[in-house]
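Geometric and topological summary
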Amino acid sequence: MGEEFVIQMKGITKVYPNGTVANQDVNFDVKKGEIHALMGENGAGKSTLMKMLFGLEQPTSGEILVNGEPVNLSSPTVAISHGIGMVHQHFMLVPSLTVAENMVLGMVPKKSGMLIDYKKAVALTEEYSKKFNLPVEANARVADIPVGMKQKVEILKALVRGAKILILDEPTAVLTTQETAELFVELENLKKQGYTMIFISHKLNEIMEITDRMTILRGGRSMGIYNTKDVTPEEISRLMVGRDVVLKVEKEPAQPGEEVLRVRDLEYINEWGKKMLDKVSLSVRKGEILGIAGVEGNGQKELVDMLFGFNTPNAGSVKVSGEEILGLNQREIRERHISLVPEDRMLYGIAATASIEENLISDRTANKELNKGILFNMSEIHKMSDQLVKDYTVLCKSAGQTIGSLSGGNIQKVVVAREFSNDPVLIIADQPTRGIDVGATEFIRKKLVELSRSGIAVLLVSADLNEVMELSDSLIIMCGGRIAAYFEDTRDLSDELMGKYMLGIEQQTPEEIRRVCHE
Amino acid sequence: MNIFTADFFFSIIRIATPILFATLAAVIGEKGGVSNIGLEGIMMMSALFGSLGAYWTKSWLIGLLLAMAVGLLESLVMGFFAFNLKTNIILTGTAINMIGSGGCLFLVKVITGQASTTALITKSLQIPSISIPLIRDIPYIGKIISGHSVLTYIAFLLVWLTIVLLYKTPLGLNIRSVGENPNAASSVGVSVLKIQYITIGIGGILAGMGGAFMSMYYAMGWSQDMVAGRGFIALAAQSMGGGEPVGSMLAALIFGFASALGIKISATGVDSNLVAPIPYIVTIIALVIFALNEKRKEKQRHSSAALQK
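All residue numbers refer to positions counted from 1 along the written sequence of the respective chain. Each chain gets a letter, beginning with A, and each ligand a number, beginning with 1, in the order they are written. Two thresholds apply to this predicted model, a pLDDT of at least 70 for residue-level local features and 80 or more for giving and counting side-chain atom pairs, whereas whole-chain, interface and lining totals are computed over all residues.

Each helix corresponds to a stretch of at least 4 residues labelled H or I by DSSP, and each strand to a stretch of at least 2 residues labelled E; elements are numbered beginning at the N terminus. The helix and strand tally for chain A stands at 18 helices and 24 strands. The size measure is the radius of gyration over C-alpha atoms, and the globule rule it meets is 2.2 Å times the number of residues to the 0.38 power. The C-alpha atoms of chain A give a radius of gyration of 25 Å, which matches the 24 Å a tight globule of 519 residues would have. For chain A, the spread of C-alpha atoms along the principal axes amounts to about 70 × 50 × 50 Å. Every C-beta atom is placed from the backbone, and the number of other C-beta atoms within 10 Å of a residue's own sets its class: buried at 20 or more, exposed at 12 or fewer, partly exposed in between. The proportion of buried residues among the 519 residues of chain A is 46%. Contacts here follow a simple rule: the backbone-placed C-beta atoms of the two residues must lie within 7 Å. Look at the contacts in chain A between residues 6 or more apart in sequence, and 68% of them connect residues 24 or more apart.

Structure follows, in structure tokens:
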């Protein structure tokens, strides 16, 4: 073997103080100059393994070698000194500081003894920006720059600290399709310059496109290291979850009934004066799934906020089953049997320190069946939550367990169990499977289809093209706060065509779009 | 009666000085993500030891240094509880404040044998005033600006130094980044704990200077409850000033103005019980005006941008 391993992790086991075994006897190696995928479901141990490589956690047993030398990565500083850099999924940036200040944080160039040499910081930023072809605005405040540029800053931050090996933790999770394409060009470019990258992702197509080899983890164990070109997506998903994941969702054609959700001419100008919703009109009928596709930040979030009373539009109306719901609070909206699977499950979906059970009943604490006088009827509550945990295959010790300790997929299952089980007439599902494992994704998608076929109206907002195309009966594409296109049938839609509407290259006529109102 | 005499403005600056010290402590603290609610208690303890230190050594300078050292020590103790032992920093600050009021009284009794004041033994040991040549000769203005204590000039100088510290030095950059996103700071090797200790330590020293001013210039020695809420007013000034040094300094001056006004009015024979709440009422009014103004600005931005569309 003439090939050079820059990273070797041998027999790594990590047991957390609470007894959770996150990694068990994992072998992992990375060759110089490759892009190596690290794959696995949520909770498979990817993050833990990478945290140990970046010095944020220490292995319980096992050995880590960098460039063939055994090392003790006791802190990120030590890892950085060995040329390991990490681009975190949640950016490690300080929003009120400029790009240049963020770049030099912790290694600030000084002038006249003790002052910051800001010019030098800017020069350094621009030098690296040019050298690696990662364009950033050195003088802009990080709070003001787009997500794609924030990520470039993160990559540059690692490079400026001398990283030769970059760990990229789900780098595309926050990026638009276009930004992802840009990122891949940049990564290829880095690869050409001899840099090594570890690419953590769930997205099969991305892995197939950009990586050379991959390591698949399942349940904390390694399922082996493969050359990307030698395995098929089906094999990968089987290795990840131990069975064939049906990524295609089978569904009967919809038989839409009467109109449930009726949105007309919704307009919203945000606090910075940007028009986020521009005369948005749509209808969702019983028994159908209407998908909303689009690059994030084109009004989808604002639309959902309006529908669920988190924000008030400047004009327009929202009716559910004929009744105006604008101006109602969330409790009143829920009383009308409208459910929401929120985009940010940790913030709006759950109370992380409460138990699974408490989270399950949080929308129905006033239900007669769950109360006995002024106290809860605990036996009834246990019965209900045990049933939901079983029905929705939430992987946990018991329903009394703190929900924050579950994996993302299982947390989302709890959210979905609550939202789907309260006899809804309308379900608003906002990014229902973002960042969760393949198994949970499949489960939630199937459930959504099943519910819609039983006569519930579903509005599905998703940045995942596959998801909206697979699940939706009909779909709209949002761009710049407007509906750019409406497709009555999603079956023979192509990615390219959707891309054109998503990026605003094409726009349907008002008449074509108006069809979504079913008038 | 003319209220706005040179004397009146002079007293605004004098009264604002201790608040300004504590305000700068609050500004730096908030930038570093350390809400130091214990400023009041730290000022109290420093006031006592400043005064005693001057008495023991017959030197106001050593008294001042002792006050600063006590402020630093107390803030570090607070930091140890809050950062290392992970107690709630608000509760830790409250404890410091309680020690400040009760502990001082106890210490005075033990150390001096006197009750509730050290004025009898320390009255002659004051921080000196400076009469500034040339400036003192300017009519009106000279009377306002010249003749303050050394510490007053230092306090206003510190406003500028705080700006330099926060925005021009690597330490300031670290303080701000730790305050805003500690994970980001630690991920690039900045020791969050160290920066937090430095942040709270600087605050302790500043509050210590404020305390020294109280017992060694504002009043003749330490007496019970002499800080009278200035540590809390400083927190309000910090917030009113938007967390920025200059804005917070102006807010501190508004409090000085309110207090000076109160004193002036009571001098005209109005019942002092009626006058006493004036500073606090001004605080509330100022906060309301500030909030309304912010809201209006926000709205204006919103609608003007909308009009452009």
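In this section: the sheet that holds strand E2 (residues 21-31) of chain A. Backbone hydrogen bonds are what pair the strands of a sheet, in a parallel or an antiparallel way. Residues and elements named next belong to chain A. Whether two strands pair comes down to DSSP finding at least two bridges between them. Strand order across the open sheet formed by 4 strands is E2-E1-E4-E5, with antiparallel pairing between neighbours. Where the open sheet ends on each side, the last strands, each with one partner, are E2 and strand E5 (69-70). Both strand E4 (residues 61-66) and E5 contribute to a ladder of 2 bridges, which runs antiparallel. Paired with Leu65 across the bridge in E5 is Pro70. Note on method: axes are straight lines fitted to C-alpha atoms, helices fitted across the in-contact stretch only, with angles between N-to-C directions ranging 0 to 180 degrees. Packed on one face of the sheet, helix H1 (residues 46-53) meets strand E1 (5-15), E2 and E4 and runs near 120 degrees to E1.

Counting from both sides, the interface comprises 21 residues of chain B and, opposite them, 22 residues of chain A. Elements with a minimum of two residues in the side of chain B that touches chain A: helix H8 (170-180), helix H9 (182-187) and helix H14 (278-308) of chain B. For the side of chain B that touches chain A, the class distribution of residues is 8 nonpolar, 7 polar and 6 charged. When residue character is reported, Ala, Val, Leu, Ile, Met, Phe, Trp, Tyr, Cys and Pro are called nonpolar, Asp, Glu, Lys and Arg charged, and the others, Gly included, polar.

Moving on: the nonpolar core. In this usage, the nonpolar core is the set of buried Ala, Val, Leu, Ile, Met, Phe, Trp, Tyr and Cys residues whose C-beta atoms join them within 7 Å. The biggest cluster of nonpolar side chains holds 153 residues, and the ones touching the most others in it are A:Leu53, A:Leu166, A:Ile167, B:Phe21, B:Ala22 and B:Ala25. When residues no more than four places from it in sequence are discounted, the contact partners of B:Phe21 are B:Ala155, B:Leu206, B:Ala207, B:Met209, B:Gly210 and B:Phe213. Counting 77 residues, the second-largest nonpolar core is a separate cluster that includes A:Ile269, A:Phe308, A:Leu406 and A:Ala485.

So, about unusual backbone geometry. Apart from glycine, the bulk of residues carry a negative phi angle, and the bulk of peptide bonds sit in the trans form. Phi is positive for A:Asp423, close to 55 degrees, though the residue is something other than glycine. The topology assignment puts A:Asp423 in the loop between helix H14 (408-420) and strand E21 (426-430). Of note in the backbone geometry, B:Ala228 takes a positive phi value of approximately 45 degrees without being a glycine. If you trace the backbone, B:Ala228 turns up in the loop between helix H10 (192-218) and helix H11 (230-240). Classification of B:Ala228 as partly exposed rests on a count of 14 C-beta atoms within 10 Å.

All names here are of chain A. We note that the domain assignment places domain 1 (5-241) and domain 2 (259-517) within chain A. In this assembly, 10 residues from domain 1 lie in contact with 12 residues from domain 2. Every element with two or more residues in the side of domain 1 that touches domain 2 is listed here: helix H6 (177-192) and helix H8 (233-241). Of the residues forming the side of domain 1 that touches domain 2, the biggest block, 3 residues, is contributed by H8. Across the side of domain 1 that touches domain 2, the residue classes break down as 3 nonpolar, 6 polar and 1 charged. How far each domain reaches was decided by an automatic or database domain assignment.

Looking now at the pairing of strand E18 (residues 338-341) of chain A. Residues and elements named next belong to chain A. The alternating pattern of E18 places Ile338 and Leu340 on one face and Ser339 and Val341 on the opposite face, and all of these are buried. Pairing geometry for E18 and E21, over 4 bridges, is parallel. Note that in E21 the partner of Leu340 across the bridge is Ile428.

On to the sheet that holds strand E23 (residues 474-479) of chain A. Residue and element names in this part refer to chain A. Reading across the sheet, the 6 strands line up as E18-E21-E22-E15-E23-E24 and stay open at both edges, with mixed pairing between neighbours. Two strands in the sheet have a free side with no partner beyond their single neighbour: E18 and strand E24 (482-487). If you compare each strand with its neighbour and ignore which way they point, the axes differ by 15 degrees on average. Relative to E24, E23 runs antiparallel, the two sharing 5 bridges. Bridge pairing links Met478 to Ile483 in E24. Across the sheet, H14 touches E18 and E21, and the angle it forms with E18 is around 170 degrees. Here helix H17 (residues 495-502) sits on the sheet and contacts strand E15 (289-293), E23 and E24; the angle it forms with E23, its principal contact strand, is near 40 degrees.

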